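Listed here are the chains, written in short residue letters.
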Amino acid sequence: MSTPDNRLTFNDVPWQQGRVLYTRHTRRWSKQELEKVTRIERRTAFAHFYAHDEGRSRDLVYQFDSTEECEKAVNEHNKALAERLSK
């Protein structure tokens, strides 16, 4: 299954690398399930990711092939966005 590519859609807002938020729901997960979801989250970029709503408002930007690729893309995007907004 391929994930959608929403990088252009969310080009004008900051991105954040996914992470598992520790909620009442996730605290019940087994160690294996938590590790599996963490691996997926860390290679996924999101827009509008807020801890205060337990990530419910987040929008999928793109799922990268690796954690490192995602981190690099998020950092580069946010840096370029900050530069555009500061002009």
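Anyway, here's the lowdown on the structure attached to this text. (Residues numbered from 1 in each chain as written. Predicted model: local features only at pLDDT ≥ 70, side-chain atom pairs only at ≥ 80, totals over all residues. Heavy atoms only, no water.)

Looking now at the packing of aromatic side chains. Scanning the model with the defined rule gives two aromatic pairs in all. Ring geometry for F46 versus F49: centroids 5.6 Å apart, planes at 80°, classification edge-to-face. Of the two residues examined, F46 and F49, each falls in the buried class. Between Y62 and F64 the ring centres are 4.8 Å apart and the planes differ by 75°, which places this aromatic pair in the edge-to-face class. For Y62, a relative accessible area of 22% gives the class partly exposed. For R7, the ring lying beneath its charged end belongs to Y62, and the centroid distance is 3.8 Å. (Phe/Tyr/Trp six-rings, centres within 6.5 Å; stacked < 30°, edge-to-face > 60°. Buried < 20%, exposed > 50% of the residue type's maximum accessible area, 1.4 Å probe, protein only. Lys NZ or Arg CZ within 6 Å of the ring centre and 35° of its normal.)

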